[in-house]
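# An overview of the molecular structure
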Amino acid sequence: MSEWLVLALAMAAASVVVLIVTVVRHHTAAADDDPSETPDVIEYMTMMIGVVYAIVLGLAIAGVWEARGVAQDHVQNEAYALHEISERVRVYPPDVRDRIRDDVNVYVGHVVTTEWKAMADDGKVTDEGTKLLAKIRNDVTDYEPRTDFEAQAYQPLLDQVTAADNARTSRAESTAPTMPGVVWFGLITGAVVTVGLIFALQIRRTLREVILAGLFAALIAFLLFLIWDFDAPYSRGITATADPFLTLFPKAGE
């Protein structure tokens, strides 16, 4: 099912629930019920709970958006480190240089095709990708520099291999959702309480009030969907992309 369809259904369902409850309350209300007699303390508490929940929603959205940005940074750092390895080995003999570059290209090709799909579908990186990166590390570390010029390039190459490995590890750790289950419980419970407090104000079944209540419920549903969409940086909606790899290695996706 499309994520946009899920969003539309969630917003519509929230609005419909509010409409149904409003209509039911209107028909079951006592004849002498006066909606204008809502106690001031209820209005105050409703306002404060709404403000607190809005702050919580804002913090949650900021948190998952920041996590998505960090996930994209991991991809950028990994791609840059691999590109530096590919460029710096030009001082090595042709056979060593070409072997390392070929292994880098194979690894990048695996990441942007097979592994990226595995991260989206299964939420984890592949064992094959780990083996391919280990092969690059072995290629670099096993070569013994023969000249001072090659020796000067050796340590920076090792540093870039380490940087790529660290970035890959961080990328693997970022594939899982960032919001704990207890936070989701609080967000959903808060949404139910906040929307439910609309009825504590004894709204009437006027068109204006019903529309505003429905729009408010739909907005809460949209914000919760937004948090859920950003919660998995590599697998939903506006995700971190493999563009840094494709920019630095144009033929990787072929």
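Below or above, wherever it landed, is the structure these notes cover. Just so it is clear, the structure is predicted and the values come from calculations on it, not from any experiment. (Residues numbered from 1 in each chain as written. Predicted model: local features only at pLDDT ≥ 70, side-chain atom pairs only at ≥ 80, totals over all residues. Heavy atoms only, no water.)

## Quick look at the overall build of the protein chain
Here is the rule: Strands are runs of DSSP state E lasting at least two residues, helices are runs of H or I lasting at least four, and both sets are numbered from the N terminus onward. Whether a residue is buried, partly exposed or exposed follows from its accessible area with a 1.4 Å probe, protein chains only, as a fraction of its type maximum: under 20%, in between, or over 50%, in that order. Contacts are residue-level and defined by heavy atoms, with any inter-residue pair within 4.5 Å sufficient.
Across its full length, the protein chain carries eight helices and zero strands. Within the protein chain, the fraction of its 254 residues that count as buried is 39%. Considering only contacts within the protein chain whose residues lie at least 6 apart along the sequence, 81% involve residues at least 24 apart.

## Observations regarding helix H4 (residues 127-142)
An α-helical segment advances 3.6 residues per turn. Residues three or four places apart therefore align on the same side. The condition is simple: In this analysis, the expected span of each helix is defined as 1.5 Å times one less than the number of residues it contains. Each C-beta atom gives one direction from the helix axis, and the arc is the one those directions make.
Helix length check: H4, at 16 residues, gives a terminal C-alpha distance of 22 Å against a target of 22 Å (1.5 Å per residue), a fit within 8%. Within H4, the full set of buried residues consists of Gly 129, Leu 132, Leu 133, Ile 136, Asp 139 and Val 140. One side of H4 carries all its buried residues, which in axial view fall inside an arc of 110°. Facing away from the buried side of H4, by more than 90 degrees, are the exposed residues Asp 127, Lys 131 and Asp 142.

## Observations regarding the packing of aromatic side chains
Using the following cut-off: Stacked, tilted and edge-to-face are the three classes applied to pairs of Phe, Tyr and Trp rings, where Trp contributes its six-membered ring and a pair requires centres within 6.5 Å; stacked means planes under 30 degrees apart, edge-to-face means over 60, and tilted covers the rest.
Summed over the entire model, instances satisfying the criterion amount to four aromatic pairs. Aromatic pair Phe 225 and Trp 228: ring centres 5.6 Å apart, planes at 40°, arrangement tilted. Here Phe 225 pairs with Trp 228, and both are found in helix H7 (residues 207-231), just three residues apart, close to one helical turn.

## A few points about the nonpolar core
Threshold: What makes a nonpolar core is a set of buried Ala, Val, Leu, Ile, Met, Phe, Trp, Tyr and Cys residues whose side-chain atoms join them at distances within 4.5 Å.
Formed by 36 residues in total, the largest nonpolar core has its most connected members in Leu 82, Val 108 and Phe 245. The biggest single contributor to this core is helix H3 (residues 94-122), with nine residues. Not counting residues within four places of it along the chain, the set of residues in contact with Phe 245 comprises Val 75, Glu 78, Ala 79, Leu 82, Val 108, Val 111, Val 112 and Trp 116. Counting 19 residues, the second largest nonpolar core, distinct from the first, contains Tyr 53, Met 179, Ile 198 and Ala 213.

## Overview of the pattern of salt bridges
Our working definition: By definition, a salt bridge exists where a carboxyl oxygen of Asp or Glu is found within 4 Å of a side-chain nitrogen of Lys or Arg.
In this structure the tally under the stated criterion is nine salt bridges. Arg 88 is the salt-bridge partner of Glu 84, the closest N and O atoms lying 3.0 Å from each other. One end of the pair is Glu 84 and the other is Arg 88, both in helix H2 (residues 40-88) and four residues apart, which spans about a single turn. Arg 88 gets classed as partly exposed once you look at its relative accessible area, which sits at 34%. Salt bridges sharing common partners tie together Glu 78, Glu 115, Arg 168 and Arg 171.

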